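Structural overview
The lines below spell out each chain.
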Amino acid sequence: MDRHLILNRCSLICLWLNTVLMVMKLGTGYFYESRALFADGMHSLLDVTADIFVLYTVSMARLPTDEKHPYGYSRYETLGNIVISLMLVGASVMIIYDAILGLDQPMMPLQPIVAIAAVLSIIANEISYQYVASRAKSIKSDLLLSTAVHQRADAATSLVVLIAAIASLYGFAIADTLGAIIIAVMIGYYALPSLLKSLEELMDKGLDPSDIEVIKNTILQVDGVRDHHFLRSRRMAEKGYIDVHIVVSSRISVSEGHYIGDMVKASLLLLDGISDVTVHIDAEDDQEIEHQQPDRKAVEKWLASESIVFDRLVIHYLVGGVELEIFLKQGVMLPDIRYPSWLRDITVYYVT
């Protein structure tokens, strides 16, 4: 099934479920004066808002690449996760503040209907979590997994409401207010890790070290690759992006070097989660080399000053300087020359 279709379907399921639970918990919590159940209802209200936002981000993330977004719109999933997490953290703070204010107010035992509402919420949310979490793992979506976690968090907060309702029936009236505070702390506990992970992704955090090791081994297994360096990675939603310099023989043709680079790219794209690869070809490990060597025009000017008339010229830019391969016509002799500081060696070939 298409990734975006799964995201859309799961988000709609969560949206309708959370809407029903929100109405039930807010209404029951308000009319039966349960601060914990009302706080749980506020959590469901935020989930409804989050589900609507998820539907929007999914619709944006599936847009194709264009001139303004050459890497696509996958960052919308990351942005959506950040907004949802911030909403949950903000709600957590507000619920704790309201509960603390309620500690000075008279407290009455809760009605059994509060416990019934909590049980229904626990069952519905746990079923929803199991389904959405399995779908999120199958398509490797942090956004959908975050949505699933919110469903389990809702089940957990409803469990707190149930315990508070039972405790209240046995005369522990403050349990309702304490339950609201516990719910708020749990909301923040679930939201903060998701927020931090998305912020790291937004700041182009690299792939996991285990993934990097697999990438390195894959590169070195390609025939013709001598080494690699400047390996960089980042992630956008479920997509991984790789930039790498590979070292090939300095004596092969440009086209062969390009072919080896294509093989490296093809091998990396076969890895799970890698969506785009950029490969730079190096003749040597040039991580600390300052390129202050003459270009082709300057080399040809020097050869002309030395009265060297060539049929073809191949230039090798290497660590110790420049090496030249000069192709001369039969009968043409190479004159005595003065080696400039940038010249390491000259090899002469005769064209038949």
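Residues numbered from 1 in each chain as written. Predicted model: local features only at pLDDT ≥ 70, side-chain atom pairs only at ≥ 80, totals over all residues. Heavy atoms only, no water.

Remarks on the packing of aromatic side chains
Inclusion rule: Working definition: rings of Phe, Tyr and Trp (its six-membered ring) pair if their centres are within 6.5 Å, and the pair is stacked with planes under 30 degrees apart, edge-to-face with planes over 60 apart, and tilted otherwise. A run of H or I in DSSP counts as a helix once it spans at least four residues, and a run of E counts as a strand once it spans at least two, with each numbered from the N terminus. Between buried and exposed lies partly exposed: a residue is buried under 20% and exposed over 50% of the maximum accessible area for its type, with that area taken using a 1.4 Å probe on protein chains only. We call a charge positioned over a ring when the NZ of a Lys or the CZ of an Arg lies within 6 Å of the ring centre and within 35 degrees of the ring normal.
For the coordinates displayed, the defined rule picks out three aromatic pairs. Their ring planes at 80 degrees and their centres at 5.5 Å tell us that Trp302 and Trp342 sit as a pair that is edge-to-face. In this pair, Trp302 is assigned in helix H9 (residues 296-305) and Trp342 in the loop between strand E5 (321-329) and strand E6 (343-351), connecting sequence segments 40 residues apart. Considered together, Trp302 and Trp342 belong to a single accessibility category, that of buried residues. Lying across the ring of Tyr241, Arg234 places its NZ or CZ 5.5 Å from the centre. Across the ring face of Phe327, the terminal group of Arg312 is positioned such that the distance to the ring centre comes to 4.0 Å.

Topic: the pairing of strand E4 (residues 312-318)
Stated precisely, the cut-off is as follows: Should DSSP find at least two bridges between two strands, the strands are taken to pair.
Pairing of E4 with E5, which is carried by seven bridges, proceeds in the antiparallel orientation. If you follow His316 over to E5, its bridge partner there is Glu323. Here E4 folds back onto E5 in antiparallel fashion, the turn holding two residues.

Quick notes on the nonpolar core
Heads up, the condition is: By nonpolar core is meant a set of buried Ala, Val, Leu, Ile, Met, Phe, Trp, Tyr and Cys residues that side-chain atoms within 4.5 Å join together. Note on contacts: a residue pair is in contact if any heavy atoms of the two residues lie within 4.5 Å.
Grouped together as the largest cluster of nonpolar side chains are 37 residues, with contacts concentrated most on Leu88, Ile95, Val132, Leu144, Val161 and Ile183. Counting residues per element, the ones that place at least two in this core are helix H1 (3-31), helix H2 (35-61), helix H3 (75-101), helix H4 (112-139), helix H5 (142-169) and helix H6 (175-202). Top contributing element to this core by residue count: H4, with nine residues. Those residues in contact with Val161 that sit more than four places away from it in its chain are Ala36, Leu37, Asp40, Val114, Ala118 and Ile183. Core analysis: the next-biggest nonpolar cluster, separate from the first, contains 16 residues, Val222, Val225, Val264 and Val277 among them.

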